Amino acid sequence: MNSLKMNVPIVIMILFEAAVGILLLVNPEGFTRTIIILFGVILLAIGLTYLMRYLSAKRQEINDLLSLIVAIVTLAIGVICTFRSDLIFGLITAVAIIYGVILVIVGACKLHNYHSAKKMGAPVSVINVVSGAIAVVLGFLITVYPQDAALSVWQIAGIILLVEAAIDFYAVIQVK
C-alpha cells in the first residue's frame, strides 16, 4: 500500500501521457486547437488578475505600470488564442512552410557542394547526395502540404507520449 501511495504521481503522469498521446494521434488538429483555446482562457484569467491588481493599486494612488502592461499583453494574446485559434494554427502552418523552404535550400546547397567538390576531385561521399535529395524532397512536401506536415509532427509527438507512458508503466511495475 505504501508503494502505491508513493507511485500515485507517477501513475497520474502515465495516464496524462497516454491520454494526450491518444488525443494527438487520433485528432491532432482538434486537440491542438483545444490546447490553444485553453491557453487563451488561462491568459485571460491572468490578464484579468493583473488588471484588477492595477486598478486596486490605482485606487490606493500607487502607479503600478508593470501590472497594466502585463494585463494588456496577456489579455490581448488571450483574446486571440481563445477567440481566433485559427490564427495561431495558421502561424503553425506558416512556420512549417518556412521550415520546408529552408530544407529545400539546404538540400540544394548540399547537392551543389557535392557536385562542386566532385568536379575539383575532392573526396566526397554519396551520402551527401542522398541527404541533399531527401532534404529537397521533404522540404518540397512540407512546403506544398504545410498543414499535413504540422499535424504529422503532432501525431509523432502523440506516438512518443504513448511510448513514454508504456515505458513509465513498465518502470512502475518493475519497481513494485
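This one's a predicted model, so the numbers in the text were calculated from it and none came from an experiment. (Residues numbered from 1 in each chain as written. Predicted model: local features only at pLDDT ≥ 70, side-chain atom pairs only at ≥ 80, totals over all residues. Heavy atoms only, no water.)

## Some points on the overall build of the protein
A tally of helices and strands in the protein yields six helices and zero strands. Start at the N end of the protein and walk to the C end: the helices and strands fall as α-α-α-α-α-α. Since a compact globule built from 176 residues should have a radius of gyration of about 16 Å, the 24 Å found for the protein marks it as more spread out than a globular shape. Taken along its principal axes, the extent of the C-alpha atoms in the protein is 80 × 55 × 30 Å. Burial status across the protein gives 23% buried among its 176 residues. Look at the contacts in the protein between residues 6 or more apart in sequence, and 74% of them connect residues 24 or more apart. Carbon and sulfur atoms provide 76% of the accessible area of the protein, an area that totals close to 11,900 Å². (Helix = DSSP H or I, 4+ residues; strand = E, 2+ residues; numbered from the N terminus. Rg over C-alpha atoms; globule rule 2.2 N^0.38 Å. Buried < 20%, exposed > 50% of the residue type's maximum accessible area, 1.4 Å probe, protein only. Contact = heavy atoms within 4.5 Å. Areas by Shrake-Rupley, 256 points an atom, 1.4 Å probe, with all protein chains shown as cover.)

## Remarks on a nonpolar patch on the surface
On the surface, a nonpolar cluster with roughly 830 Å² of combined accessible area is contributed by V126, V130, I134, V137, L138, F140, L141, V144 and Y145. Note on placement: V130 falls in helix α5 (residues 126–144). Accessibility expressed as a relative area gives 43% for V130, which makes it partly exposed. (Patch = residues over 30% accessible without salt bridge, like charges linked within 9 Å, V, L, I, M, F, W, Y side chains within 5 Å. Salt bridge = Lys/Arg side-chain N within 4 Å of Asp/Glu carboxyl O.)

## A few points about the packing of helix α2 (residues 28–59) against helix α4 (residues 85–119)
Helix-helix packing is described using two parameters, namely the angle between the two axes and the distance between the axes. In the contact formed by α2 and α4, the axes pass within 9 Å of each other and the chain directions differ by 120 degrees. In terms of axis orientation, α2 runs oblique to α4. Crossing of α2 over α4 shows right-handed handedness. Seen from α2, the contacting residues are E29, T32, R33, I36 and I37; seen from α4, they are S85, D86, I88, F89 and I92. Looking at the contact of α2 with α4, its residues break down into five nonpolar, two polar and three charged. (Axes fitted to C-alpha atoms, helices over the stretch in contact; angles between N-to-C directions. Parallel < 35°, antiparallel > 145°, perpendicular 65-115°, else oblique. Left-handed = near helix turned anticlockwise from the far one by under 90°. Nonpolar A, V, L, I, M, F, W, Y, C, P; charged D, E, K, R; others polar.)

## Brief notes about the packing of α2 against helix α3 (residues 65–83)
At a closest axis distance of 7 Å, the pairing of α2 and α3 adopts a crossing angle of 155 degrees. Comparing their axes, α3 and α2 come out roughly antiparallel. Seen from above, α2 lies across α3 with left-handed handedness. The residue makeup of the contact of α2 with α3, split by class, is 19 nonpolar, six polar and one charged.

## Quick notes on α3
End to end, α3 covers 27 Å across 19 residues, agreeing with the expected 27 Å (1.5 Å per residue, within 8%). Every buried residue of α3 is accounted for by S67, A71, T74, G78, C81 and T82. Each buried residue of α3 sits inside an arc of 110 degrees when the element is viewed along its axis, so together they form one side. In the core, the buried residues of α3 are packed alongside α2 and α4. (Expected span 1.5 Å × (residues − 1). Arc of directions from axis to C-beta.)

## Let's talk about the pattern of salt bridges
If you walk through the whole model with that rule in mind, you get two salt bridges. Here E29 makes a salt bridge to R33, at a shortest N to O gap of 3.1 Å. Of this pair, E29 and R33 both sit in helix α2, separated by four residues, roughly a single helical turn. A relative accessible area of 25% means that E29 is categorised as partly exposed. A salt bridge links D86 to R84, with the shortest nitrogen-to-oxygen separation between them at 3.0 Å. Exposure remark for R84: the relative accessible area of 41% places this residue in the partly exposed category.

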